[in-house]
Amino acid sequence: MTDRVPAHYGGDPIRENVLGYGSQSIGEDEKQAVVEALEGDYITRGPTVDAFEERVADLVGVDHAVATTSGTTALHIAGRAAGFGSGDEVITTPLTFVSTAHVATYCCADPVFADIDPHLRSLDPDAVREQVTEDTAGIVPMHYGGQPADIDGLLEVADEHDLTVIWDACHAFGGSWNGEMIGAQRDMVMFSFHPVKNITTGEGGMIVTDDDELAERLRRLRSFDMDYDPDGHESEPWYQVTEGLGYNYNVTDLQAALGLAQLDRLDTFKRRRDETIEQYNEAFASIEGIRTPSEPVNSDPMYHLYAIEVREDFGCDREEFVNALHAENIGVQVHYVPLHYHPYFQEEYGYERGMFPETERVYEGLVSLPLHAKIDDGDVTDVIDAVQQLRTYHAE
Ligand SMILES: Cc1ncc(COP(=O)(O)O)c(C=O)c1O
């Protein structure tokens, strides 16, 4: 590595083409699988969807998997299946994507934020405990970046107060904790298959559960809350009736075919992500002012994000760091602007800045560096060099 003037301060960019922070990897097998699905008898709600669900349920080690059109719609029907409604409070993390809190809002319940454990960057069980009231109906923890949250601690709080837990595992598909796959935890766990996630179906989501009744509710809600075979109408094959407010969150066989083909490459995807993280960890361990993600405890996560924290002693703040890497054509991102900073949650629920100090302190430094299955060693070197050169520039 040679010292050079970073592009943000007048040098040439380290890369000619932009390296995204996340990206899908689609091979010939995926293309072929989608074409075959297109040529089949069903292109939606068909046998490929069943096969995709069965394969995910097997992989995770649960009885049921229900595919939906996105992670957001998975969260919506999980909240409905849990029975959340007006007057209920649902505790979740402010350091997440907006959809996590919409488990509550879509069901007319109130989202109640609790502060995070700064090491895991996900809900702190003690902070959750402090927010429990007689109206609390559930908890929605999120496995930030793919790193498992404090699963034992959070289940303990749920048990103390008889709360339903919906795990937002959008970042964590393919990982394991305590010898079981992420997804095997009660009551429901949901995933996203958006293109930047660990596998993709274009858009898509999935809820997994061992609970037969919840699975039945989820299937109904996904499809108009329709009883396709009501009792007493056996001789009227057309007779289908809706029993409540349901949705059309059905997925196509094209998406399911893509998902199945992506599952074939899950191990390869994980390996590439793990290798990249190892290279980043090694390079950044000695750079002053950078906090790398905490080491996983008792788990083998599949990381969706590699998020560092840029601290004061790095020499420039997070805003300058992000803009400096963008100038090098390195696509970094920040996950996330805390939900209590968003106008919607401030105006509707009275949240304000300053309410969740750990979340805010972590957020101040957060930067997600590129991490995806298509990254090659040259890309990783560019990122590491750009960060090291930025540090050298500011240290002088
Ligand atoms: C933590 C988290 N929850 C929920 C979602 C929503 O998933 P989707 O984009 O599939 O609707 C996302 C996606 O960005 C997410 O990162």
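Trainee: Any chance you could break down the domain arrangement of the protein for me, citing the residues and the numbers?
Mentor: Domain annotation for the protein reports domain 1 (17-23 + 266-395) and domain 2 (28-263). Each of domain 1 and domain 2 has a C-alpha centre, and these two points are 26 Å apart. At the interface, 39 residues of domain 1 touch 43 residues of domain 2. Interface area for domain 1 against domain 2, summed over the two sides, is near 3400 Å², with a carbon-plus-sulfur share of 58%. The tally of links from domain 1 across to domain 2 stands at one salt bridge. A salt bridge links Arg121 to Glu309; the nearest nitrogen and oxygen atoms lie 2.8 Å apart. Taken together, domain 1 and domain 2 are joined by 20 residue pairs in polar contact (both at pLDDT 80 or more). If you list the elements that add at least two residues to the side of domain 1 that touches domain 2, you get helix H9 (266-284), strand S15 (299-300), strand S16 (306-310), helix H11 (343-349) and helix H12 (357-365). For the side of domain 1 that touches domain 2, the element with the most residues is H12, which contributes five residues. Tallied by class, residues from the side of domain 1 that touches domain 2 come to 22 nonpolar, nine polar and eight charged.

Trainee: Go over helix H6 (residues 151-161), please, and point to the residues and values.
Mentor: Of all the positions in H6, only Ile151, Gly153, Leu154, Leu155, Val157 and Ala158 are classed as buried. Lining the buried residues of H6 we find strand S5 (122-123), helix H5 (125-131), strand S6 (136-140), strand S7 (164-168) and strand S8 (176-177). Once H6 finishes, Asp162 follows within two positions and takes phi at roughly 55°, a positive value.

Trainee: Got a sec to walk through the pairing of strand S1 (residues 64-68)? Specific residues and values, please.
Mentor: Extensive coverage of S1 is indicated by the burial of five of its five residues. Of the two faces of S1, the one carrying His64, Val66 and Thr68 and the one carrying Ala65 and Ala67 are both buried. Examined bridge by bridge, S1 and strand S11 (residues 205-209) share five bridges and lie antiparallel to one another. If you follow Ala65 over to S11, its bridge partner there is Val208.

Trainee: So what's going on with the sheet that holds strand S14 (residues 290-291)? Residues and values would help.
Mentor: As summarised here, the arrangement of the three strands in space is S14-S16-S17, forming an open sheet in which the pairing is antiparallel. Two strands in the sheet have a free side with no partner beyond their single neighbour: S14 and strand S17 (366-369). Taken together, the two bridges between S14 and S16 define a ladder with antiparallel strand orientation. In the strand pairing of S16, Ile290 is matched with Val310. Across the sheet, H9 lies against S14, S16 and S17, angled at about 15° from S16, the strand it touches most.

Trainee: Please give an account of the packing of aromatic side chains that cites residues and values.
Mentor: Aromatic rings considered in pairs are described by the distance between their centres and by the relative angle of their planes. Under the definition given, this model contains 18 aromatic pairs. Here Tyr9 and Tyr393 contribute two aromatic rings whose centre-to-centre distance is 4.3 Å and whose plane-to-plane angle is 15°, an arrangement assigned as stacked. Here the residue Tyr9 occupies a position in the segment before helix H1 (28-38), and Tyr393 occupies one in helix H13 (residues 377-395), the gap between them amounting to 384 residues. For Tyr9, a relative accessible area of 24% puts it in the partly exposed group. Residues Phe173 and Phe193 carry aromatic rings whose centres are separated by 5.5 Å and whose planes lie at 85° to one another, so their mutual orientation is edge-to-face. Pair noted here: Phe173 is in the loop between S7 and S8 and Phe193 is in the loop between strand S10 (188-192) and S11, with a separation of 20 residues, a long-range link. On the basis of relative accessibility, which here comes to 1%, the residue Phe173 falls in the buried class. Taken together, the ring pairs in this structure connect Phe113, Tyr344, Phe345, Tyr349, Tyr351 and Phe356 into an aromatic cluster. The positively charged end of Arg318 is found above the aromatic ring belonging to Tyr363, 4.5 Å away from the centroid. When the ring centre of Tyr341 is taken as reference, the NZ or CZ atom of Arg353 above it lies at 3.9 Å.

Calculation criteria
Each chain has its residues counted from 1, following the order in which its sequence is written. Selection of residues for local features in this predicted model requires a pLDDT of at least 70, selection of side-chain atom pairs for listing and counting requires 80 or more, and totals for whole chains, interfaces and linings are taken over all residues. Values shown for side chains rest on all heavy atoms present in the structure; no hydrogens or waters enter the calculation. In this document the domain limits rely on a domain assignment from an automatic tool or a database. In this description, contact between two residues means that some pair of their heavy atoms is separated by no more than 4.5 Å. The buried area of a pairing is the accessible area, by a 1.4 Å probe, that goes missing from both parts when the two are put together, added over both. By definition, a salt bridge exists where a carboxyl oxygen of Asp or Glu is found within 4 Å of a side-chain nitrogen of Lys or Arg. Counting of polar contacts relies on pairs of N or O atoms within 3.5 Å, with two restrictions inside protein: one atom must be capable of donating a hydrogen and the other of accepting it, and residues adjacent in sequence are counted only when both atoms are side-chain atoms. A run of H or I in DSSP counts as a helix once it spans at least four residues, and a run of E counts as a strand once it spans at least two, with each numbered from the N terminus. Lys, Arg, Asp and Glu make up the charged group, whereas Ala, Val, Leu, Ile, Met, Phe, Trp, Tyr, Cys and Pro make up the nonpolar group; the residues left over, Gly among them, are polar. Each residue is placed in one exposure class: buried if its accessible area under a 1.4 Å probe, protein chains only, is under 20% of its type's maximum, exposed if it is over 50%, and partly exposed if it falls in between. When DSSP locates at least two bridges between a pair of strands, those strands are taken to pair. Throughout, an axis means a line fitted to C-alpha atoms (over the contacting stretch in the case of helices), and angles, computed between N-to-C directions, take values from 0 to 180 degrees. What counts as a ring pair is set by centres within 6.5 Å for rings of Phe, Tyr and Trp (its six-membered ring), and what kind of pair is set by the plane angle: stacked under 30 degrees, edge-to-face over 60, tilted for all other angles. Two limits define a charge over a ring: the Lys NZ or Arg CZ must be within 6 Å of the ring centre, and within 35 degrees of the ring normal.

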